[in-house]
Amino acid sequence: MIKIFLNELRRIFSDSGVLIFFIVVPLLYPALYSWLYNNEVVREVPTVVVDDSKSSLSRELIRRLNATPDLNVAAYEENIDEARQHIMRQEARGIVYIPSSFAADIHSHRQTTVSLYVDMSSMLYYKSLLTSLTNVTLDMGSDISVAMLNSQTAREEQIAASPLSYEAVPMFNPGGGYGCFLIPAVLMLVIHQTLILGIGLASGTAREKNSGRKLVLREDAPFGIARIILGKTLCYFMVYFVMACYITMAIPRIFNFIQLADFWQIIAILVPFMLATIFFALALSCLMQQREHVMLIIIFTSVPLLFISGIPWPVSSLGASFKAISYIFPSTFGINAFVKVNSMGASLGDIVFELRALWIQAAVYFLLALYVWKPKRWTQE
Amino acid sequence: MSNKRFIQSLFRVMKREVDSLVHAPIYWFSMIVFPLFVIFFFSELMNEGLPTDMPVGVVDLDNSTTSRKLLRNYDAFQQSHIVAHYSDVNQARRAMQKCEIYAFMYIPQNMERDLLASRQPKISFYYNNSVLLAGSLIYKEMRAISTLGAASVGSAKLQAKGLTQRQIKSVLQPIATDVHAIDNPMLNYNIALSTTIIPACLALFVLLVTAYSLGIELKKNRAKTWMTMAENKVMIALAGKFIPQTVIFTLVVWFYQYWLFVHLDFPHNCNFLLIMIVGLTLVVAAQCFAIFVFSLLPTLRMSMSICALWGVLSFSISGFTYPVTSMSPSLQILSNLFPMRHYYMIYQMNILHGYSLHYSWMYIVALLMFMMLPLFMLSRLKKIFYKYVYLP
């Protein structure tokens, strides 16, 4: 087993293709990804204002809109058509239209309507503009109704305008940051995908070099398949453990993402996750006739795997068949376990289901790898 | 070389390429099977458009007629579905950490009594922002239901004071908003994501297959016979090799466009011919980019690795989800090096919104420039095909 381990180690470090996926990609890709999303939220979305009211009230509304962090008044136009030009030239993402009756309506106690037109090229523009406008109109509205009611005390006015108040508490990602939401899932996926790619390349190479396109050489045979697989696993595990620690512990710290898990919790997830992934990759490598095939087969699965993990798209809205597919891959449970512990502060007791699933996967894929790696001819002899 | 010989050798190379495509199963998979899988996968995954009936919990300490009515009305909302009642906040929080629920509403003790006595009780909602989409959609509905709840209580009281319906409306919400989401009024996520993620996946296949099919010639030592067939003209060799692939990929892209814009009737404000041309442009630009990468790094593994990096980064740096304008300035410049970024801009400006082409000319020129890249590399490619020896 030790011999297999050393051989594999030597092979990894002499193969630049494998090194790319074991060292270079895991080092660079998470950092690059985190950099992309490091601004987290969409601020100061440029917006055109069409103010037909031209009253002190409408100017007050515009002033308050401009004061919000998410909206920036980029231009004023006389009508909607001219405002649309700004959107077509990609200089603005939305139009706020204040009707000519705005001030008159408010003064004569009629409900007035402000319109918002949003360019739907990104949902996040929509979210920013809608939140800003809703907050400002509700705020200004309650000021107006307080003035309107002529009640006895200020408190009474306030209660008449909103008898039931509410507070909203965003949990685990209070800023609503895009990076804090997506990156933890992506980090685990990077570990999953690069491990499979690296192992696939290594076994594809072995198959190309060995006589008869076999995964295992005859002279290794006396060791027994189980020992060959465990030896290789030990080697991949040791090399990759360092990378996985860098990805799950250093990257969130460098880029200031939420990190609630402590060292041992992360280890408790990483060990079954990596074992399951390595055995899964070894079992898959029977499909790779050429070393480069693994890239054609594995790389495109990254985005579908991310989607069925339940982080970008809620798991409650995944169809049964998608859920069934997601249970095949270690990434699903790895991502969920990591996000729950790391972003939501769950304890290991809360993720028993995921951990158990990962250990079961590790066992199943180990047996599958044993079966797949066993050359046909031996059984005949 | 005469025209006739030119065409003959072109056809010879094309025939050779078709033979090798047909006989290697990996091409069947990565040019047809996987792309079709991706098309159906994403358009089916989000076919609801917006997630519905997401599980939420309730901590109702009041347990009065008013609170139960509020919750009943809330449960009728489309995107939330009350699955559990908890006796305290801690229990609800733990359920949230296990992702059994995405949010919970907390109704304090004596809410009804305080409401009747004008003591302005406060209800709270806690929502999970680590699952951003679920969190923000549920937040919107919870806010809507509490505004409605407040309105029904408020209007009863104001009616008692003798205000008319119109006055009540103006007291409760003096300024209403009226939101128009241009060209995607239902905020359909399928429209936002399938139209961008699927072509990015298809472009990824184009990049990888192009690099793979070039590299495999060197690896299998077939580059010299290939060049001889093409009468030593790199242009003919490349054209003959890639025209069959262009045809297959373009048909796949056109099928995707038919499936989304015609079969599923996704919004598009231009004629279908333009959509098809944009699809063809994406395929050719991606092919030419991959040829360019290969000529810089003429090994199978390096060119495929770079193409993979480019293809996978496209998903983020093109700005489908998190807009490029909110990234750091250096990344905004970098995004121009990705063919997918330009495709996305053309898609959203000309296809989705139907603006005229002169607003997006820069992106069209950029895609054309990607197509010219291999032209600068012809002599280098020739040298590579003749001299290079594959080292595993």
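None of the values given here were measured: they were computed from a predicted structure. (Residues numbered from 1 in each chain as written. Chains lettered and ligands numbered in written order. Predicted model: local features only at pLDDT ≥ 70, side-chain atom pairs only at ≥ 80, totals over all residues. Heavy atoms only, no water.)

Once that is clear, we can look at the overall build of chain A. Along chain A, the regular secondary structure elements total 16 helices and five strands. For chain A, whose C-alpha radius of gyration is 29 Å, the value lies well above the compact-globule estimate of 21 Å for 381 residues. When its C-alpha atoms are laid out on the principal axes, chain A stretches across 95 × 45 × 40 Å. A total of 381 residues make up chain A; the buried ones form 60% of that total. Contacts spanning at least 24 positions in sequence make up 79% of the contacts within chain A whose residues lie at least 6 apart. (Helix = DSSP H or I, 4+ residues; strand = E, 2+ residues; numbered from the N terminus. Rg over C-alpha atoms; globule rule 2.2 N^0.38 Å. Buried < 20%, exposed > 50% of the residue type's maximum accessible area, 1.4 Å probe, protein only. Contact = heavy atoms within 4.5 Å.)

Check the secondary structure of chain B and you find 16 helices and five strands. In summary, chain B has a C-alpha radius of gyration of 29 Å against a globular reference of 21 Å for 392 residues, an excess of more than 25%. Overall size of chain B, expressed as C-alpha extent along the three principal axes, is 95 × 45 × 40 Å. Taking all 392 residues of chain B together, the buried fraction comes to 58%. Considering only residue pairs separated by 6 or more positions, chain B has 74% of its internal contacts joining residues 24 or more positions apart. Per element, the accessible surface of chain B, about 16200 Å² overall, is 64% carbon and sulfur. In chain B, 32 side chains carry a positive charge and 18 a negative one; their mean positions are 15 Å apart. (Areas by Shrake-Rupley, 256 points an atom, 1.4 Å probe, with all protein chains shown as cover. Lys, Arg positive; Asp, Glu negative; His and termini not counted. Charge placed at Lys NZ, Arg CZ, Asp CG, Glu CD.)

Looking at the element boundaries, Ser343 of chain A is found in the loop between α14 (330-342) and α15 (352-373). When near neighbours in sequence (up to four residues on either side) are disregarded, Ser343 of chain A contacts Phe172, Cys180, Pro184, Ile258, Leu260 and Phe338 of chain A together with Ser130 of chain B.

Turning our eyes to something else, we now look at the domain arrangement of chain B. When the domains of chain B are assigned, the result is domain 1 (3-47 + 188-387) and domain 2 (54-172). One C-alpha centre belongs to domain 1 of chain B, the other to domain 2 of chain B; they are set 50 Å apart. (Domains from an automatic or database assignment.)

To continue, consider the domain arrangement of chain A. As a measure of interface size, the accessible area lost when the parts come together is often cited. As assigned here, chain A comprises domain 1 (2-38 + 177-380) and domain 2 (45-161). For domain 1 of chain A versus domain 2 of chain A, the separation of C-alpha centres amounts to 50 Å.

Estimated volume of the second largest pocket: approximately 1300 Å³. For the lining of the second largest pocket, the secondary-structure elements that each account for two or more residues are α6 (123-149), α7 (154-161) and β5 (165-171) of chain A together with α6 (132-160), α7 (165-172) and β5 (175-182) of chain B. Element by element, the count of residues in the lining of the second largest pocket is highest for α6 of chain A, at twelve residues. (1 Å grid on protein atoms, 1.4 Å probe; cavity = no way out; pocket = protein on both sides within 12 Å on 5 of 7 lines; lining within 4 Å. Points joined across faces, edges and corners; volume = space filled by probe spheres on them.)

Another point: the packing of helix α8 (residues 189-219) of chain B against helix α12 (residues 300-317) of chain B. Residues and elements named next belong to chain B. It is at 9 Å that the axes of α8 and α12 come closest, and there the two elements cross at 175°. Compared by their axis directions, α8 and α12 come out roughly antiparallel. For the pair formed by α8 and α12, the contact residues are Ile197, Ala200, Cys201, Leu204, Leu207, Leu208, Ala211, Tyr212, Gly215, Ile216 and Lys219 on the first element and Leu300, Ser303, Met304, Cys307, Ala308, Trp310, Gly311, Val312 and Phe315 on the second. Of the residues contributing to the contact of α8 with α12, the split by class is 16 nonpolar, three polar and one charged. (Axes fitted to C-alpha atoms, helices over the stretch in contact; angles between N-to-C directions. Parallel < 35°, antiparallel > 145°, perpendicular 65-115°, else oblique. Nonpolar A, V, L, I, M, F, W, Y, C, P; charged D, E, K, R; others polar.)

Glancing now at the interface of chain A and chain B. Taken together, the contacts link 109 residues of chain A with 116 residues of chain B. When chain A packs against chain B, the two sides together hide about 10400 Å² of surface, and 67% of this comes from carbon and sulfur. Linking chain A to chain B there are two salt bridges. With its nearest N and O atoms 2.6 Å apart, the salt bridge here joins Arg94 of chain B to Asp350 of chain A. Counting across the chain A and chain B interface gives 39 residue pairs in polar contact (both at pLDDT 80 or more). It is α6 of chain A that provides the largest number of residues to the side of chain A that touches chain B, a total of 17 residues. In the side of chain A that touches chain B, the residues fall into 62 nonpolar, 32 polar and 15 charged. The pairing of β5 of chain A with strand β4 (residues 122-128) of chain B spans seven bridges and is parallel. Counted as the bridge partner of Tyr166 of chain A is Ile123 of chain B from β4 of chain B. (Buried area = accessible area lost by both parts, 1.4 Å probe. Salt bridge = Lys/Arg side-chain N within 4 Å of Asp/Glu carboxyl O. Polar contact = N/O pair within 3.5 Å; in protein donor to acceptor, adjacent residues only side chain to side chain. Pairing = 2+ DSSP bridges.)

Below, the discussion takes up empty space enclosed by the protein. All names here are of chain B. Taken as a whole and judged by the stated rule, the model has one cavity of 30 Å³ or more. For the largest cavity, the calculated volume is near 70 Å³. Counting residues per element, the ones that place at least two in the lining of the largest cavity are α8, α11 (272-296), α12 and α14 (339-352). Ranked by residue count, the leading element in the lining of the largest cavity is α8, at four residues. When the residues that make up the lining of the largest cavity are grouped by side-chain class, the tally is nine nonpolar, two polar and no charged.

Time to look at the nonpolar core. Residues Phe42 and Phe385 of chain B are the most contacted members of the largest nonpolar core, which totals 277 residues. Setting aside its immediate chain neighbours within four residues, Phe42 of chain B contacts Val303, Pro304 and Phe307 of chain A together with Asn190, Ser194, Ile197, Ile198 and Cys201 of chain B. (Core = buried A, V, L, I, M, F, W, Y, C linked by side-chain atoms within 4.5 Å.)

Another point: the environment of Ser343 of chain A. Classification of Ser343 of chain A by relative accessible area gives buried; the value is 1%. Taking the C-alpha atoms as reference, Ser343 of chain A lies 8.0 Å from Cys180 of chain A; in sequence the two are 163 residues apart.

The next thing to look at is the sheet that holds β5 of chain B. Spatially, the five strands line up as an open sheet ordered β2(A)-β1(A)-β3(A)-β4(A)-β5(B), and their pairing is mixed. This sheet does not close on itself; its edge strands, each paired only once, are β2 (71-77) of chain A together with β5 of chain B. Ignoring strand direction, the axes of neighbouring strands in this sheet form an average angle of 25°. Along the sheet, helix α3 (residues 56-67) of chain A contacts β1 (45-51), β2, β3 (94-98) and β4 (112-119) of chain A; its crossing angle with β2 of chain A, the most-contacted strand, is approximately 140°.

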